[in-house]
Every structure is written in structure tokens, then in C-alpha cells.
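Commentary on secondary and tertiary structure
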Protein chains: 2
Amino acid sequence: MGGEREAKTIIPKENFSEWYNEILRRAEIMDVRYPVKGLYVWFPFGFKLRNLIYSILKSLLDVEHDEVLFPTLIPKTEFIKEEKHIKGFEDEVFWVTRGGVDELDVPLALRPTSETAIYPMFKVWIRSHADLPLRIYQIANVFRYETKHTRPLVRLREVTSFKEAHTAHRNWAEAEAQVKRAVSIYRRFYDRLAVPYIITRRPDWDKFPGAAYTIAFDTIMPDGRTLQIATIHHLGTNFARTFDIKYEDVGGEQKYVHQTCYGISERCVAAVIATHGDSHGLVLPPEVAPMQIVIVPIIFAKEKRSRAVLEVCRSVRAALKSSFRVILDESEERPGAKFYKWEMRGVPLRIEIGPRDVSRDECTFVRRDTFERFTVPLSNVVGEAEKALRDLHESIWRRSKEHFSSKIFDLCGDEQEDRIKECVKKGVVVVFMCRSEECGAEVKERFDADVLGEEVGTCLLDDVEEQTGRCIICGAEGRRTYIARTY
Amino acid sequence: MGGEREAKTIIPKENFSEWYNEILRRAEIMDVRYPVKGLYVWFPFGFKLRNLIYSILKSLLDVEHDEVLFPTLIPKTEFIKEEKHIKGFEDEVFWVTRGGVDELDVPLALRPTSETAIYPMFKVWIRSHADLPLRIYQIANVFRYETKHTRPLVRLREVTSFKEAHTAHRNWAEAEAQVKRAVSIYRRFYDRLAVPYIITRRPDWDKFPGAAYTIAFDTIMPDGRTLQIATIHHLGTNFARTFDIKYEDVGGEQKYVHQTCYGISERCVAAVIATHGDSHGLVLPPEVAPMQIVIVPIIFAKEKRSRAVLEVCRSVRAALKSSFRVILDESEERPGAKFYKWEMRGVPLRIEIGPRDVSRDECTFVRRDTFERFTVPLSNVVGEAEKALRDLHESIWRRSKEHFSSKIFDLCGDEQEDRIKECVKKGVVVVFMCRSEECGAEVKERFDADVLGEEVGTCLLDDVEEQTGRCIICGAEGRRTYIARTY
């Protein structure tokens, strides 16, 4: 779309911000030319990638959640009920104040998140302990009146694909167990996308408005800044008290439910693009690649053996079709132009077939991540393709974890100020910190870094050992805490 | 959800409006208790049904359309560009006027439909004839400030699942060919849902604001009123001129594109419910039934042969699982309560297995539409289930077409006023009419009926013969025209 013919230039990833914008445009992920700040258009290719990524998320959630869909509009009367929640969002909410030519009696908020839409219904849905746990999710568009610099998939005024789950439980411990299950679901999700992550408990001053505490996933962008890619909140009984959500327990007593909610936005798509892409364009994990294999016939218009090559290409496509998303590019363009096009779109495996391959009953595989070329007998093209895609996934996952671990600087117990300053420019730094907001502000001041939070785990670590040490600011007892420049 | 235990009452369908509300609630399609007029909540079961129905629509469109997603918010400056279009919508649009505490410089419309969001991008996407035809669709939420009586799935302030397709072509004829293809896609869609339809060309005064002409699908509700369930518009160059969408043709000349757009809302779900449901609840075509088969063990708690029955039930489920959406209801409720529950949810096939069945290596099939019972050998349960579901689909499609044709009164050439008055209370009447708006108003006055439009076809007729006769109002030359009371 757009009909542009691009020069086959290399796009250096070193200038990450430029690279990102170029890739979104050239690989046709999102079009930024929509005439409102912070609103973008999903191109067909980008939307296919989005759908494949969200399919994984849905399949992980469907095991124990029901999918629902709530209205976009929340009456002001409900929206302002939870005091901390409204304070957290009041600067960011779009308000509908007119319908046709009428002023509305009650302004309607465009949901920035759906707690205040969903919980009045939880009140009517939940009566007894038998209705618990209640676990639902929806994939919906949410809106934020962003005044900062906006960026496709990362900071938008309309998040088109916010997956939000909401659960209710009998007590604090059962809600906390759900928080842990959500962490495990999100781990599996990002493992399948081969996107590395840090899991922290956000500091109290940075938790979700209305939550008891917040757990967050962050990944590290190529420029060393972190991007928050998931959050999980234990809500305690805060919203239950506001929206009067009670159940009758086994003994007949009326009790408030304990709640959790957790969400992932289309930042998961941004994370896939930023983590794996290179100077030739997208590199995609095969599971989410809209096109997994492209077959390129190596022929030149006048060559007499062209027909035989095309026939072999078609039979290879036929053999692959039932197991893979495969395309045979029979267009008029030269092979080099085809390579460029499909590399840009991150097709994990290219199969080249030319006259010499045909005469030898072979074809040539080219892997998108390493550009490694190797010959494969036509008789085993399906098995070899399976293996190549599996290898590619493992290889990009290994590579992204290596890169990730090279960007984490564990300075706990050896926190020299100069060293922190130096490392925080390159990635994420782990130091001992207490939980006070003042020390957080001081870290911002001294190191130009935000506090992500206390260590819960990373993609490299399942469990972490509790370790304590002196807070780098005030010297009080502190825990292992991640600090970084953030998006 | 809601934890209500319903009395096993029959819900008579004669009072359609009450029946409809009861079914939506008891079968858990949509919850009407959301605290804003015209906004409703999809229950998990309703949303599964919605997803299965939209999967069919998507699969039909994916053949030649690309899925995209555009922003919800349209700047007023774009929205008001097409004069007729804005006139058609100005009373119905919700306006966002505030972001946080700021007044917005340019108010933003919540899309009531997306022409004015999409066509500014068509302008940048389309350059040459090689970019045409361009065919996209999206499934998105759209908003209408309805002041009339609202009703779930039928008349809402937020249509949560509007499928809208938009296409651009080189000339009038190619756009018209696309209109025909859209008609054919929508026919196949409703055929698969076994929902009967009338296809008409809407009168000029009732076409889509900005269209050259509009083709519409209507179905007949149980009370004889019609429900519009799809529209297809030839836009000519109206929007192309407004949004300056041109292409360079083969000769190098700049020309306006010719456009079409066509849409289906969640009324398709309402049509499935209303067409097939009965006094026991939903009846669903197997292809869209969230649960296609329920297995009910016929056991009573203390019976010693219970274990054998349950074992057989589980092996039957195992046999069916790879081909069908099947559930084995092992809950503590009595068989009768289970029957009621799954009948309400329209499960097409119930398999009962009791001790006597086990001893005979048999089971009992019960069809949801007819309640017909028959014995099936356990050895062929998969084949028999396939057949039963196929038969059920054919049978409800035949029955709904019979019912539909009994509600169409073809009075062309014999249009006595009393007879029209009588028939229009029962269903749809076909008469000769000219195309004037005055005659349309007179029909409304005399018969309390709206003009659907000139005959294009029905689910019973592929092609119609052009027939002319004298307009029932003014006597001028007229065409076969459908009139009806409408939703």
C-alpha cells in the first residue's frame, strides 16, 4: 500500500527511533499519516501480525478465563467512584459531552481501562462463593489523552488492542495466587514471542491507581531504555468496597471479594519488532509470522528451463501448504527485489529454486535471522522446513536473551556512583534500594533513571533469592531493585 | 453468571419482544443491566456465539479483502467534508470535546461508520491503476446517539461488532461488479446461518447518506416486522471527489476512483436468535453453536451401574472431541435440569446415555429443533452425529424458509387496499410502486408501512424477472416493491 518502491537500503538499527519508524512504514505495520495526533492505522500486514500474536495470548487465557466485551463508554458517575483511580486518570481521559446536538446530562468517559465499567456488573453477577473465582478478559480499544510524544504501538491516544483480564476471589490469598498465575501466563506468552523480560514489583508511588500492589513486565529496547509490556495488579478489596461487590461465604456471611486485573497492550507487537528486527527489516518468530515461508523461483525471463523450475516451485508449495503459511512469489520482479521485500516483512525461511537445484532434486534454504544458506533434498522439504523454523525460533530466543543479559548491570553491593551513571546509559542497573518515594526521586535526580521496582524474576531466572543490602540513597535496608531509563 | 436458578417455564414466542428479552437473559447472550441507555455487555456465551458467526463472515471476506483497523475518533474537520453524509449523521454522532481538563481544539466524532476516517488514507494509498481494486474491511465498534427505544443487538448506542468493507475501483462498472460480489458474499453468509432474506434496492430517499444507491438485506422477525441485516452501497465518485482520491490510469490521466462500501452489524446475531429460537430457548445452526453436542449421563446418585455409564460417556466424548465442540455434563444436577439448561443454549444435539443404553451398546440422540429421539449404536456415534447435525441444519433452513415465504404476500397486479392493510399486519407485501418519495409517504400514511425498496432477490429467488405495473398510489409505471413494518 502506498505504491512506494523503496531503494534497497540498509536501515541501521543503531539509531533505534529512526529505525523503528522506518520499519513500521516499510514493513507496512502501521500508517502514521492519520490526521489526528497519536492515532494510527493498522495496515493489513501489521494487522495479521497483531492477530497471530493475540491468538497466542487468547489461547493462554482461554484455559481459565471467559472472553466478554463491555461498552467503551463509562458514565462519569461510575468513573469517579474510586477516588485514587480517578486521580490517576483524570488528566488522561477523553470525555464525550455531546450526542447529536444535545449536551449529555452525564458526560461519558472513553474507557482508559475498564475497572469502572466492569465492576458494577460484577456486583450483580456475584452472589455466593459458588460464583468465585470469576475470571474474564476482553480485547478492546482504550483511550488516553496523551500529551507526551506519541509513537505507534508504544504511546497512543487509542490503544486498539488492550487485553485486560479481571478476576474476583474469596480472599487475599486466592487473589494473590491468581497474580502468580497471571505472571506465569505472561511469562509463557513472551517466551513464545522470544521477547526477554524483567519482572518487578513496582514501587508504591508508581502502582496502578486503586491497586494494593502492581507487578510489571519490562523489556529492554535496543537503545537500552525499558518498555513496560505487561502489568498485573492485586486490587485487594479497594474496588469491591467502592462498587459494593460482596459474596455470601459458606457460613452465610456477606464478604467483599478480593480482585486482580492484568493487561497487555499492542506494545507486545512493538516488543517483537524491536527485539528481533535488524537492518534488513523485521525478523519474526515463525509462530507469529504472517508468512512463514516464501518460495522464490530463480529464473530469468527468457530461460528455457523456467517452466521446469516453476513446476517444482509449485509442487514444493503444495507440499508445504498444509503445515505452513507459505507463498510462492511468481511476480515479475527480479529475485533480488523479492528477497528485499520478504526480508523486510520478516519471513523466517526463504526457499530458492533455480535450474541447477531442479537438475539435482534440491532446493536452497535461506534463514532470515542469520542469512545462512544450505541445500536441502526436495524429497524432505517439509521435515527440513519444520526443523529450520524450530532452529530459527531457538536461535533468536537465545540471541535475544544474550543481548538482554548484556544490558543488565548487577551492581548490588558494589554501587559506585560513577559506575551506575555509566551503566544506566547502556541498560538496566540492579542496586539495593529502600522503598521510599524520596529515594526514588533522588535516583531520578542523580542518575536520570526511573525505579522499575523490586526484583521478582526475569526470563533468565525463575525464582530469585531474597537479598538485602543498604539503600544506595539513604542507607536503610533495601532490596534488589531495577532502575533504568524508560519509555 | 448471575447465579439465578430459573423455573423451567416455557417462554411463548408469540409475544416476540418479551421472548427476545427473556432469551437474551436466560441464554446469557447480553446483559442489559449496564448503567447507560443503549449500551450492553456481552456475556461469555453470547460472545462465543458472536465469534463463531463473525468467523464465517471473515472467512468469506478474507478471500479478496484485507483486514485493517482504523481509529475510532474522526476529527470534525474530516467528518463534515461530505455534505450529504454529515447531514445524514449529524443528529446521531457522539462528540468528544474534552481531553483531561482541556477543551479540544477540534472536536472528535466517535465513528458512526468509517468513510470519513478511511478515505483520507485511501487518498495517500492509491496512486495508480495498479493499486486498484483496493478492498479492505474492519470489524470495529461504532457509535450512534439513538434517541429511539434501544434494544440489544438491534438498536444500540454502541454497535460493538460492525463489519464494514470499503473498496475502490477504476470505474462505475467495476464498482457495480463489486456490489454484486458483496451481495453474493452476504447471501452465502446468511445461507450458512439459515437466516432468510429479502434483497431490495432502497428508495432514493432512504439510501446511505453520500451513496449513489443502496442495496439492503432484510429478514422478517417473528412478529412480521422486518429487520435490516446488511447494506451495500455504490458510492460512485461522491466521496472520491470530497476526499480527492484519484489514480493515474494506463494512459497517464488522473481519474477519480469509484467506491463501494458494505456492512453487517451484530444484528446478524439477533437474526439467528430470532429466526430459529423457540419456547425452550435458542436453536442454533451447528456451525455457530458454541457447544454442538452435550452428553448427559442418565444416572441417579445411588445407582451402582453409574460408574459404567460415566465411563461410556467419557469414551463417547473422547470419540467426538476431535470433530465437534462437545461437553459432557457431569454436574450434580438432575438430568431434567441439564436438559433445560442446554436446550436454552441451543445445543443442537443431546446424547443421553443410561444403564440400559450401556447394556445394549447404544445411546439416545435428541435433536434440539424437533426433540426427535432415536437410538444410535455406540460403534458409529461420530458418523451419526455428523449426519444428525447436517440434517438439523437442513431442516431448520427449510423450516425458516417456509415460514418466511408464508410471511411474504405478493399482491402485484391485485392490490386491493383492504388486502394490503390486512397483509401488512402479518408480514411483507409486494406491490407495484413508482420511485417517488411522495408515494412512499402516502404508503406510510395509508398502510403504516415503510418502503423497503425494489425487488432484487430473496433467499428463495436467485434472479428476478423485471416486471412493471401501475404504482398503487399514483398510477405511474412502477416496479415490484416490498413494503413492511420495520424495526
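This section reports on the structure supplied with the text. (Residues numbered from 1 in each chain as written. Chains lettered and ligands numbered in written order. Predicted model: local features only at pLDDT ≥ 70, side-chain atom pairs only at ≥ 80, totals over all residues. Heavy atoms only, no water.)

**A short note on the overall build of chain A**
For chain A, the count of helices and strands is 14 helices and 24 strands. Relative to a compact globule of 487 residues, whose C-alpha radius of gyration would be 23 Å, chain A shows 25 Å and is just as compact. Its C-alpha atoms put chain A at 85 × 60 × 50 Å along the principal axes. Counting across all 487 residues of chain A, residues that qualify as buried make up 59%. For chain A, the share of sequence-separated contacts (at least 6 apart) that also reach a separation of at least 24 residues comes to 70%. (Helix = DSSP H or I, 4+ residues; strand = E, 2+ residues; numbered from the N terminus. Rg over C-alpha atoms; globule rule 2.2 N^0.38 Å. Buried < 20%, exposed > 50% of the residue type's maximum accessible area, 1.4 Å probe, protein only. Contact = heavy atoms within 4.5 Å.)

**Considering the sheet that holds strand β5 (residues 94-99) of chain B**
Across the sheet, six strands lie side by side as β4(A)-β6(A)-β5(A)-β5(B)-β6(B)-β4(B); this open sheet has antiparallel pairing. Of all the strands in the sheet, the pair left with one neighbour each is β4 (73-75) of chain A together with β4 (73-75) of chain B. Across the sheet, the mean angle separating the axes of adjacent strands is 45 degrees when strand polarity is ignored. (Pairing = 2+ DSSP bridges. Axes fitted to C-alpha atoms, helices over the stretch in contact; angles between N-to-C directions.)

**Points about a negative patch on the surface**
A contiguous patch of negative charge on the surface is contributed by E90 and D91 of chain A together with D102, E103 and D105 of chain B. By the secondary structure assignment, D102 of chain B is in strand β6 (residues 102-110). Look at D102 of chain B and you get partly exposed, because its relative accessible area is 32%. (Patch = residues over 30% accessible without salt bridge, like charges linked within 9 Å, V, L, I, M, F, W, Y side chains within 5 Å. Areas by Shrake-Rupley, 256 points an atom, 1.4 Å probe, with all protein chains shown as cover. Salt bridge = Lys/Arg side-chain N within 4 Å of Asp/Glu carboxyl O. Lys, Arg positive; Asp, Glu negative; His and termini not counted. Charge placed at Lys NZ, Arg CZ, Asp CG, Glu CD.)

**A short note on the sheet that holds strand β18 (residues 362-367) of chain B**
Residue and element names in this part refer to chain B. If you trace the five strands from one edge of the open sheet to the other, you get β16-β15-β17-β18-β19, paired in mixed fashion. Two strands close off the open sheet at either side, each with one partner strand: β16 (326-328) and β19 (373-377). Each neighbouring strand pair of the sheet contributes to a mean axis angle of 25 degrees, computed without reference to strand direction. In the sheet, strand β15 (residues 293-297) pairs with strand β17 (residues 349-353) via five bridges, with the strands oriented parallel.

**Some words on the interface of chain A and chain B**
Each partner contributes to the interface: chain A provides 60 residues, whereas chain B provides 59 residues. Buried area between chain A and chain B, both sides added, is near 5,000 Å², and the carbon and sulfur share of it is 63%. Where chain A touches chain B, the interface holds two salt bridges. For the salt bridge of K48 of chain B with D66 of chain A, the shortest nitrogen-to-oxygen distance reads 3.8 Å. Seen at the junction of chain A and chain B, the total is 22 residue pairs in polar contact (both at pLDDT 80 or more). Per element, the largest residue contribution to the side of chain A that touches chain B is six residues, and it comes from strand β5 (residues 94-99) of chain A. Counted by class, the side of chain A that touches chain B contains 34 nonpolar, nine polar and 17 charged residues. Of the pairings in the sheet, the one linking β5 of chain A to β5 of chain B comprises five bridges and is antiparallel in character. Paired with G99 of chain A across the bridge in β5 of chain B is F94 of chain B. (Buried area = accessible area lost by both parts, 1.4 Å probe. Polar contact = N/O pair within 3.5 Å; in protein donor to acceptor, adjacent residues only side chain to side chain. Nonpolar A, V, L, I, M, F, W, Y, C, P; charged D, E, K, R; others polar.)

**Some thoughts on the packing of aromatic side chains**
In the structure shown here, the tally under the stated rule is 39 aromatic pairs over all chains. Relative to F217 of chain A, the ring of Y197 of chain A lies with its centre 5.2 Å away and its plane at 45 degrees, an arrangement referred to as tilted. Separated by 20 residues along the polypeptide, Y197 of chain A in the loop between α6 (172-192) and β9 (198-201) and F217 of chain A in strand β10 (residues 213-220) bring together distant segments of the chain. Take Y197 of chain A and F217 of chain A: they sit in the same class, and that class is buried. Ring centres of Y186 of chain B and Y262 of chain B lie 6.0 Å apart, and the angle between their planes is 75 degrees; on these two criteria the pair is classed as edge-to-face. Remark: Y262 of chain B occurs in strand β14 (residues 258-264) and Y186 of chain B occurs in helix α6 (residues 172-193); sequence separation between them is 76 residues. By relative accessible area, which is 0% here, Y186 of chain B ends up buried. Members of the aromatic cluster, connected to one another through ring pairs, are F43 of chain A together with F70, Y119, F122, W125, F239 and F243 of chain B. The residue whose ring lies beneath R50 of chain A is Y54 of chain A, and the NZ or CZ to ring-centre distance is 4.9 Å. Sitting over the face of the ring of Y213 of chain A, R201 of chain A holds its NZ or CZ atom 4.3 Å from the ring centroid. (Phe/Tyr/Trp six-rings, centres within 6.5 Å; stacked < 30°, edge-to-face > 60°. Lys NZ or Arg CZ within 6 Å of the ring centre and 35° of its normal.)

**Focus on the environment of R157 of chain B**
All names here are of chain B. Turning to its location among the elements, R157 is positioned in the loop between β7 (134-143) and β8 (158-169). Under the relative-accessibility criterion, R157 is labelled buried at 12%. Not counting chain neighbours up to four residues away, the residues in contact with R157 comprise K37, G38, L39, F94, V142, F143, R144, Y145 and E146. Within the structure, R157 has its side chain in polar contact with the backbone oxygen of E146 (distance 2.8 Å).

**Quick word on helix α10 (residues 335-344) of chain B**
All names here are of chain B. Of all ten residues in α10, eight are buried, a share of seventy percent or more. Along α10, the positions that sit buried rather than exposed are P335, A337, K338, F339, Y340, W342, E343 and M344. Where α10 is buried, its residues meet α1 (16-26), β15, β16 and β17. Positive phi appears at G346, one or two residues downstream of α10, with a value of about 70 degrees.

**Describing the environment of D206 of chain A**
Relative to the helices and strands, D206 of chain A is located in the loop between β9 and β10. The spacing of D206 of chain A and V443 of chain A is 237 residues in sequence and 14 Å in space, taken between C-alpha atoms.

**As for the environment of K81 of chain B**
All names here are of chain B. Looking at the element boundaries, K81 is found in the loop between α3 (76-79) and α4 (83-89). With 106 residues separating them in the primary sequence, K81 and R187 have C-alpha atoms 33 Å apart. For K81, the contacting residues outside a window of four places in its chain are T242 and F243.

**So, the relation of the copies chain A and chain B**
The transform that puts chain A on chain B rotates by 180 degrees and translates by 0.0 Å along the axis, for an RMSD of 0.0 Å. Interpreted geometrically, this transformation is the action of a two-fold axis. For chain A, the minimum C-alpha distance to the rotation axis belongs to V96 of chain A and amounts to 2.1 Å. (Least-squares fit on C-alpha atoms with pLDDT ≥ 70 in both.)

**As for the packing of α1 of chain B against helix α8 (residues 267-276) of chain B**
Residues and elements named next belong to chain B. The interhelical angle for the contact between α1 and α8, taken along N-to-C directions, is 115 degrees, at an axis separation of 11 Å. Put simply, α1 runs roughly perpendicular to α8. Like other packed secondary-structure pairs, α1 and α8 cross with a definite hand, here right-handed. For the pair α1 and α8, the contacting residues are F16, W19, Y20, I23 and L24 in the first and A270, I273 and A274 in the second. Partitioned by chemical class, the residues of the contact of α1 with α8 number eight nonpolar, no polar and no charged. (Parallel < 35°, antiparallel > 145°, perpendicular 65-115°, else oblique. Left-handed = near helix turned anticlockwise from the far one by under 90°.)

**Overview of the nonpolar core**
Formed by 86 residues in total, the largest nonpolar core has its most connected members in F122 of chain A together with F122 of chain B. Filtering out sequence-adjacent residues up to four positions away, F122 of chain A remains in contact with L134, I136, H166, T167, A168, I245 and Q259 of chain A. (Core = buried A, V, L, I, M, F, W, Y, C linked by side-chain atoms within 4.5 Å.)

**What to know about the side chain of D31 of chain B**
Its location among the elements puts D31 of chain B in strand β1 (residues 30-31). A polar atom in the side chain of D31 of chain B sits 2.8 Å from the side chain of W125 of chain A. In this view, D31 of chain B contacts M121 and W125 of chain A together with Y40, V41 and F43 of chain B; residues no more than four positions away in its chain are not counted.

**A short note on the pattern of salt bridges**
Applying the stated rule across the entire model yields 71 salt bridges over all chains. Of the charged contacts in the structure, one is a salt bridge between E78 of chain B and K81 of chain B, with a shortest N-O distance of 3.1 Å. Because the salt bridges share partners, they merge into one network encompassing E343, R350, E352 and R373 of chain A.

**Re the pairing of strand β7 (residues 134-143) of chain A**
All names here are of chain A. By the criterion of burial, β7 is predominantly enclosed, with ten of the ten residues buried. Neither face of β7 is open: one carries L134, I136, Q138, A140 and V142, the other R135, Y137, I139, N141 and F143, and all of them are buried. For strand β3 (residues 66-67) and β7, the ladder comprises two bridges, and the chain directions are parallel. Bridge pairing links D66 to I136 in β7. One ladder, built from nine bridges, connects β7 with strand β8 (residues 158-169); its direction is antiparallel.

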